[in-house]
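Commentary on secondary and tertiary structure
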Amino acid sequence: ARPFLTLHVGQAGAQIGNAIWELLCLEHNVQKSGLAKPDCPSNGFYDAMFVRNQNGHFMPRSIFLDTDPTCIDEIRVGPYRELFSTRQLLSDSADSGFNYMRGRRDFRRNLLPEAVERFRWLSEKSDVTPTAFLVHSTGGGTGSGLSVSYLEELRSEFDSRLQVLELSVSSGNSGLQSTCELVNSMLYSYESKDYTSLSFSVTNSAMFNLCRSGLSLYGGATFAHLNRMLAMCFSNLTVMERFPGTMMCNIANICSNVLPF
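Bear in mind the structure is a predicted one, so any value in this text is a computation, not a measurement.

Criteria and thresholds
Residues numbered from 1 in each chain as written. Predicted model: local features only at pLDDT ≥ 70, side-chain atom pairs only at ≥ 80, totals over all residues. Heavy atoms only, no water. Buried < 20%, exposed > 50% of the residue type's maximum accessible area, 1.4 Å probe, protein only. Helix = DSSP H or I, 4+ residues; strand = E, 2+ residues; numbered from the N terminus. Pairing = 2+ DSSP bridges. Right-handed = clockwise from strand over helix to strand, strands pointing away. Expected span 1.5 Å × (residues − 1). Contact = heavy atoms within 4.5 Å. Phe/Tyr/Trp six-rings, centres within 6.5 Å; stacked < 30°, edge-to-face > 60°. Lys NZ or Arg CZ within 6 Å of the ring centre and 35° of its normal. Axes fitted to C-alpha atoms, helices over the stretch in contact; angles between N-to-C directions. Parallel < 35°, antiparallel > 145°, perpendicular 65-115°, else oblique. Left-handed = near helix turned anticlockwise from the far one by under 90°. Nonpolar A, V, L, I, M, F, W, Y, C, P; charged D, E, K, R; others polar.

1. Regarding the pairing of strand 6 (residues 131-137)
Burial analysis of strand 6 places seven of its seven residues in the buried class, which makes it a mostly covered element. Alternating residues of strand 6 divide into Thr131, Phe133, Val135 and Ser137 and Ala132, Leu134 and His136, and every residue in both groups is buried. For strand 1 (residues 4-9) and strand 6, the ladder comprises five bridges, and the chain directions are parallel. Among the inter-strand pairings, His8 is bridged to a residue of strand 6, identified as Val135. The sheet contact formed by strand 6 and strand 7 (residues 164-170) spans six bridges and is parallel. Its bridge partner being in strand 7, Ser137 is matched across the sheet by Val169. With helix 5 (residues 141-158) bridging strand 6 and its parallel neighbour strand 7, the resulting β-α-β unit is right-handed.

2. With respect to helix 1 (residues 10-27)
A rise of 1.5 Å per residue sets the reference length of helix 1, with its 18 residues, at 26 Å; its end C-alpha atoms lie 25 Å apart and thus fit the reference within 8%. The complete set of buried residues in helix 1 reads Gly10, Gly13, Ala14, Ile16, Gly17, Ala19, Ile20, Trp21, Leu23, Leu24, Cys25 and Glu27. Directly after helix 1, the chain includes Asn29, whose backbone phi takes a positive value near 60°.

3. Side note on the side chain of Arg104
Among the secondary structure elements, Arg104 is positioned in helix 3 (residues 100-106). Ignoring anything within four residues of it in the chain, the contact list for Arg104 reads Gly145, Leu146, Val148, Ser149, Glu152 and Glu191.

4. Here we look at the packing of aromatic side chains
Summed over the entire model, instances satisfying the criterion amount to eight aromatic pairs. Geometrically, the ring pair formed by Phe208 and Phe223 is edge-to-face, given 5.6 Å between the ring centres and 75° between the ring planes. Within this pair, whereas Phe208 is found in helix 7 (residues 204-214), its partner Phe223 is found in helix 8 (residues 223-242), the two being separated by 15 residues in sequence. Given the relative accessible area of 45%, Phe223 is considered partly exposed. Three or more aromatic residues joined by ring pairs form one cluster here, namely Trp21, Tyr46, Phe50 and Phe58. When the ring centre of Trp121 is taken as reference, the NZ or CZ atom of Arg87 above it lies at 4.3 Å. Between Lys193 and the ring centre of Tyr190, over which it is positioned, the NZ or CZ distance is 3.9 Å.

5. Notes on the packing of helix 1 against helix 2 (residues 69-77)
Viewed as axis vectors pointing N to C, helix 1 and helix 2 meet at an angle of 20°, and their least axial separation amounts to 9 Å. The angle between helix 1 and helix 2 places the two elements in the roughly parallel class. Read as a crossing pair, helix 1 and helix 2 show a hand that is left-handed. For the pair helix 1 and helix 2, the contacting residues are Gln11, Ala14, Gln15 and Asn18 in the first and Cys71, Ile72 and Ile75 in the second. Classifying every residue of the contact of helix 1 with helix 2 gives four nonpolar, three polar and no charged.

6. Remarks on the sheet that holds strand 6
In sheet architecture, strand pairing relies on hydrogen bonds along the backbone and comes in two forms, parallel and antiparallel. Reading across from one edge, 5-4-1-6-7-8 is the order of the six strands in this open sheet, with parallel pairing throughout. The open sheet terminates on both sides in strands that have one partner only, identified here as strand 5 (89-91) and strand 8 (198-203). Recorded for the sheet is a direction-independent mean angle of 15° between the axes of neighbouring strands. In the sheet, strand 7 pairs with strand 8 via six bridges, with the strands oriented parallel. By the bridge assignment, Leu167 is partnered in strand 8 with Phe200. Against the sheet, helix 4 (residues 108-123) engages strand 1, strand 4 (62-66), strand 5 and strand 6, with an angle of about 170° to strand 4. Those strands touched by helix 8 are strand 1, strand 6, strand 7 and strand 8, and its axis lies near 170° from that of strand 6.

So, in C-alpha cells, the structure goes:
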C-alpha cells in the first residue's frame, strides 16, 4: 500500500482530523492507546496510515499544525492523546484572525521549519515518499495562508516527487464569520494551484443542507456532524490504499480518470 501522510492545518483541519483518526482507528481495530484491539484480526493495510513500532504501538502518519494552541491542546489532553507523538502536534501562541497574509508570512519562521522537519521525519519511516493529504479550511488565515506556505516549503524540499491531495472546506454562501473568508478562499485557490495534484472541495452551507435533507437533522446539525461526514469522505477517498479488493484503484487512477486532458 502506498502510504499517506495527512496534514491537518488550522482549527478546522485539527477538528476534522480528530474525527478522521477516530474513524480510522475503528476501521483498523486500533485502540485509543495506539495498540491493536485484543482478539481482533488485523484489518486492512496498516502501513498506509499508521507507523508500527517494535512495541506494537500504531502511530498515525499525520501532522497537526495551528497558530492558535487551543485545538492542538485539546488533542494533547483528549482521549486520543496516547495515539499521537508530541512531535506531531505543532502550535504557536496567537491566532491569525482571518488574515491571509498574517498566516502566509508571520508564522513562517516559527512554525514551518519544524513542520517540514516533522514531515521529513515521518516520510523517512516509509520506503517511498508518501502522498501528502492536506485537510483544512480555506476561510481562516491559518488554513489558507499557512497552508500555502507549508506546501511551498514542502515542494522546495521534495520537488515533484511529492504528490499533494487536499480536502478543503469553505463557508459557501451562508454562515460567514468574516467577510475576509471569501477573499482568503480566492487567494488560497490562486496560490495553491501549482502545489496540489487533486483537490476535493466542499462548503459548509452544502453540508448543512445535506444534514437537513439526507439525515433529517432539522435545526440540530452542528459542526461535529459535519466533521464526521468529512471523516467518511476521507475514509472513502483513501479506502483503495487501505483495504484489498479486486475493484480497488489507487489515487493515480483517480487523477487520470477524473481530470480531463
